[in-house]
Every structure is written in structure tokens, then in C-alpha cells.
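# Topology and contacts: notes
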Amino acid sequence: MGFFDDEIAALKKQGLFRSLRVVDASVLNFCSNDYLGLSNDPRLKDAAKAAVDRYGTGSGAARLISGNNPLCDELEKALADLKGTEAALSFNSGYHANIGAIPTLAGEGDVIFSDELNHASLIDGCRLSKAKTVVYRHHDLNQLEDLLRHRPQTPSLLRRGLGGGLIITEAVFSMEGDVCPLNDLLALANKYDARVYLDEAHAVGVFGKDGEGLAPKNPPDNLICMGTLGKAFGSYGAFIAGSRSLKDYLINKARSFIFTTSLPPAAVGASLAAVGIVRGEPERRKQLWKNVEMVRDFVGACGHTPLHGGSSPIFSLPIGDARKTMEISQRLFDQGIFVQGIRPPTVPEGTSRLRLTVSATHTPEQVAELKSRLAGEGLI
Ligand SMILES: *Cc1c(COP(=O)(O)O)cnc(C)c1O
């Protein structure tokens, strides 16, 4: 056996081998991040088609070359307006945004404070930055304060206008579903002259009166918000919202923005339509939260207490063992319900879980079906 086969065999032995599952529309999906059901909205489809008719299937080049059609500017204006910021800059994906922006905000000699459960794209952004990354316990602001108090001197962060470092956290943690204590975090950042980088991948479209996310509209200067367009917005792409000068800085410095072909017009067109719907149809958010409550009622009462049920549309049912988790997920799938099992390295060793997400489009009957299948597995 060659190297690849050896590695694959080792993964299989640990119950960690992953393969792609084809998902067609007939399965009842409880693991999509399409929280508002926009990915199948006819208005997004029409906007995507119109963008293709007008601008073609591919953008043809990076934004700084010739890949900047008028839809890009329009989308960024709409996003800045949604966030209440001076400006927004779109990226090709959340992954691109995080690995591009973080290394421009902190570099060699700087300090980053990173929540231990941060998403892989945030971790990779930290690695690429070459800054010293200090990991703090999940949501543990006492420990974070301790670390901030004893932070090393950071000459280049001082040059960047920050004495205290860069704190990085998810707004809604993608694999637990719990929400970061943003106000306390910002107070701490203020006290120690630090900046906060907030990944709102699962918060935009879901939180806020207009779907602006967890951060307040007009976020303070020391808060940089990143959001994605492939989850609640039903399209593809991501953005960073902030000041006009932050935008200009990122255009000039963020390598994952500069050195890649820009988003295809269809995605930009669909995103633009999505922003309008996210703002204009708050009833979708209302329905989403109603469904969250319905699921919380039975998942919250289960013997396997979910890690943090009900503060977001993401529920995490702890199983522990990786192999067992995948077996349960497969049995549910065979019965027509898709609830993905999550294993290391996505989550820490021994914390494998079923990750369940709720959408505004789930009907009471579908939620009842989920309930009975979970009960059938002895999970609730
Ligand atoms: C999904 C996700 C990303 C990546 O966004 P994509 O647009 O899918 O690349 C980044 N951060 C978090 C927390 C996510 O959940």
C-alpha cells in the first residue's frame, strides 16, 4: 500500500474517514445553514439568471484587474447599509475573508487572542499572520482578561493603533450553537485597547432587527465584522464591514482578495437580492425562531443535554465516540432525515456530536418527524 492508502486506512481505523454524500431534495435536511430558505427562493434564482444574462458566467479576472462589475459595488453598498458601516468589502468566501483579513490586522511580533473553538478558517488566518496566537478557553473572559493584562509588548500593533492585540471569536459558534458574550468582550477590548474580529458566519440574517447579525448597527471602531453570504443569505461569498479606510486597506493588503478571480456574477446578483429579502421580510426570522423554540422543547429535555440548546438555530447533541456518532447519523439518513455527525478534527477528541440545524422553512410536521426519529434512536 502506498502513502495515501496507509493514511486512509488509519483514518478508517479511528472512525474518522470522511466521504462525500450525495444529497438530493427528497431527504429531509436538518443540517443545512440555509436558515431562511433563501437558496431556493425564485427571486434569488431570477436575480442570478439576470446577472448571467448581463455579465456572463464568469467574472474573468480579479476585482483589481477587470472583475469588478457594477453589481459588486451595489452589493457592497447594500451590505454596508445593512451593517450600518461606512463600507463593506466582499470576499469570495468566508474562508477567503478570514485567511485574507486576519494577516493584515496582525503580523509578526503581534498577539492574537483566539477562542479555543474558533473555526478552522480563523485558525488558518492566525497561522498565516505569523502573529503569536494565544488560545483562551471557550468564552472564558476571566482567562482572557488575565492574558490581556499580561500580554507581551507588541510594537507593530502599536503602529496599527492598538496596544492590546486582536481578539478573534465567532458570534455564533458553528459547531456548538452558543453565542459569544459580545458586550462583555467589547468592554474588555476597550479596557485593554484591543480590537475584536467577529466572525458572524452564522449570525447575519439570523440575528438583529434587519438581520444585520449579532453586532450592533454602526459597530464601534474596534469591532471588525465578517459575515458570509452562503448560509442565511442562500448564495455564496462573504464580506467584511467597517470603515472606508479599512476597506481601502484590505483592497491593498488582503492577499485572498487581490490574487483571486472575483465572484461569478450569478452569486453577486443572488446575494444582492438576498440582502433585500433578509431586510424586507423579518417574518422569515420570526418563523425561524419559532421553529428553534419547537426543537428546543424536545431537544432541551433530552437525557443528552445539548451543549447549548436554543440560543441559535444550531443544536449540538453530544454523542462522544466518533464511530457511534456516524452510525446514528447514517441510520437517520436511511430513514430520510439528514443530521450530520461531526467528528475531530472539526471538534475536539471525544466530543463527536450530531449537529442539527433548524430552518424557517421546516414545517411543524417535519419537526415532528425529526422528533420521532430522534426518539427512535433513544436520543430524546
Ligand atoms: C462557514 C464558516 C466560515 C466559512 O465560510 P464559507 O463562506 O463557507 O467559506 C467561516 N467561519 C465560520 C464560523 C463558518 O461557520
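Okay, so let's go over this structure. (Residues numbered from 1 in each chain as written. Predicted model: local features only at pLDDT ≥ 70, side-chain atom pairs only at ≥ 80, totals over all residues. Heavy atoms only, no water.)

### As for the site of the ligand
Neighbouring residues of the ligand: 13 residues in total, closest G94, Y95, D199, H202 and K231. Here an oxygen atom of the ligand sits 2.7 Å away from a polar atom, N or O, in the main chain of G94. Burial of the ligand by the surrounding chains reaches 83%, relative to a free accessible area of 380 Å². Broken down by element, the residue count for the shell around the ligand peaks at three residues, all from helix α4 (residues 94-105). (Near = heavy atom within 4 Å. Polar contact = N/O pair within 3.5 Å; in protein donor to acceptor, adjacent residues only side chain to side chain. Areas by Shrake-Rupley, 256 points an atom, 1.4 Å probe, with all protein chains shown as cover. Helix = DSSP H or I, 4+ residues; strand = E, 2+ residues; numbered from the N terminus.)

### Re helix α5 (residues 120-129)
In an α-helix, one full turn covers 3.6 residues, which means residues spaced three or four apart are oriented alike. Burial in α5 covers these residues: S121, L122, D124, G125, C126 and S129. Tucked inside the fold, the buried residues of α5 contact α4, β3 (111-115), β4 (132-136), β5 (166-170) and β6 (195-199). Just beyond α5, the residue with positive phi is K130, at close to 65°. (Buried < 20%, exposed > 50% of the residue type's maximum accessible area, 1.4 Å probe, protein only. Contact = heavy atoms within 4.5 Å.)

### Details of the packing of aromatic side chains
For the structure on display, the rule yields four aromatic pairs. For the pair F3 and F4, a centre-to-centre distance of 5.9 Å together with 65° between the ring planes defines the contact as edge-to-face. Since its relative accessible area comes to 58%, F3 is described here as exposed. The interplanar angle of 75° and the centroid separation of 5.1 Å between the aromatic rings of F333 and F338 together place this pair among those described as edge-to-face. Sitting above the plane of the F17 ring, K12 keeps its charged end 4.6 Å from the centroid. (Phe/Tyr/Trp six-rings, centres within 6.5 Å; stacked < 30°, edge-to-face > 60°. Lys NZ or Arg CZ within 6 Å of the ring centre and 35° of its normal.)

### Thoughts on the packing of helix α11 (residues 265-280) against helix α12 (residues 282-299)
The geometry of α11 relative to α12 is characterised by a closest axis approach of 5 Å and an angle of 70° between their N-to-C directions. With respect to their mutual orientation, α11 and α12 come out roughly perpendicular. Across from I277, V278, R279 and G280 in α11, the residues of α12 making contact are P282, E283, R284 and R285. Residues of the contact of α11 with α12, tallied by class, amount to three nonpolar, one polar and four charged. (Axes fitted to C-alpha atoms, helices over the stretch in contact; angles between N-to-C directions. Parallel < 35°, antiparallel > 145°, perpendicular 65-115°, else oblique. Nonpolar A, V, L, I, M, F, W, Y, C, P; charged D, E, K, R; others polar.)

### Some thoughts on a nonpolar patch on the surface
Together, F3, F4, I8, L11 and F17 make up a nonpolar patch on the protein surface, roughly 500 Å² of accessible area in all. Looking at the secondary structure, you find L11 in helix α1 (residues 3-13). (Patch = residues over 30% accessible without salt bridge, like charges linked within 9 Å, V, L, I, M, F, W, Y side chains within 5 Å. Salt bridge = Lys/Arg side-chain N within 4 Å of Asp/Glu carboxyl O.)

### Things to note about empty space enclosed by the protein
Counted by the stated rule, this structure contains one cavity of 30 Å³ or more. Space inside the largest cavity adds up to approximately 90 Å³. Every residue lining the largest cavity is listed: R63, C72, S90, F91, N92, S256, F257, T260, S262, L263 and V268. (1 Å grid on protein atoms, 1.4 Å probe; cavity = no way out; pocket = protein on both sides within 12 Å on 5 of 7 lines; lining within 4 Å. Points joined across faces, edges and corners; volume = space filled by probe spheres on them.)

### Observations concerning helix α3 (residues 70-83)
Taking 1.5 Å per residue, 14 residues should reach 20 Å; α3 reaches 20 Å between its end C-alpha atoms and fits that length. Residues of α3 that are buried: L71, C72, L75, E76, A78, L79, A80, L82 and K83. Those residues of α3 that are buried are in contact with α2 (42-55), β2 (87-91), β7 (223-228), β8 (238-242), α9 (244-253) and α11. A positive phi of about 70° marks G84, the residue just after α3. (Expected span 1.5 Å × (residues − 1).)

### Observations regarding the environment of C180
By the secondary structure assignment, C180 is in the loop between β5 and α8 (182-191). Residue C180 is classed as buried on the basis of its relative accessible area, which comes to 5%. In this structure the C-alpha to C-alpha distance between C180 and L198, which are 18 residues apart in sequence, comes to 9.5 Å.

### A closer look at the pattern of salt bridges
Note on pairing: side chains with opposite charge can pair once their charged atoms come close. Scanning the model with the defined rule gives 22 salt bridges in all. Notably, a salt bridge pairs R284 with D41, separated by 3.2 Å at the nearest N-O pair. Of this pair, R284 sits in helix α12 while D41 sits in the loop between β1 (28-29) and α2, and the two are 243 residues apart along the sequence. Note that D73 and R63 form a salt bridge whose closest N and O atoms lie 3.9 Å from each other. On the criterion of sequence distance, the pair formed by D73 in helix α3 and R63 in the loop between α2 and α3 is long-range, its members being ten residues apart. By relative accessible area, D73 is classed as partly exposed at 35%. On the accessibility criterion, R63 (12% relative accessible area) is buried. Taken together, the shared-partner salt bridges in this structure form one network comprising D81, K209, D210, K217 and R279.

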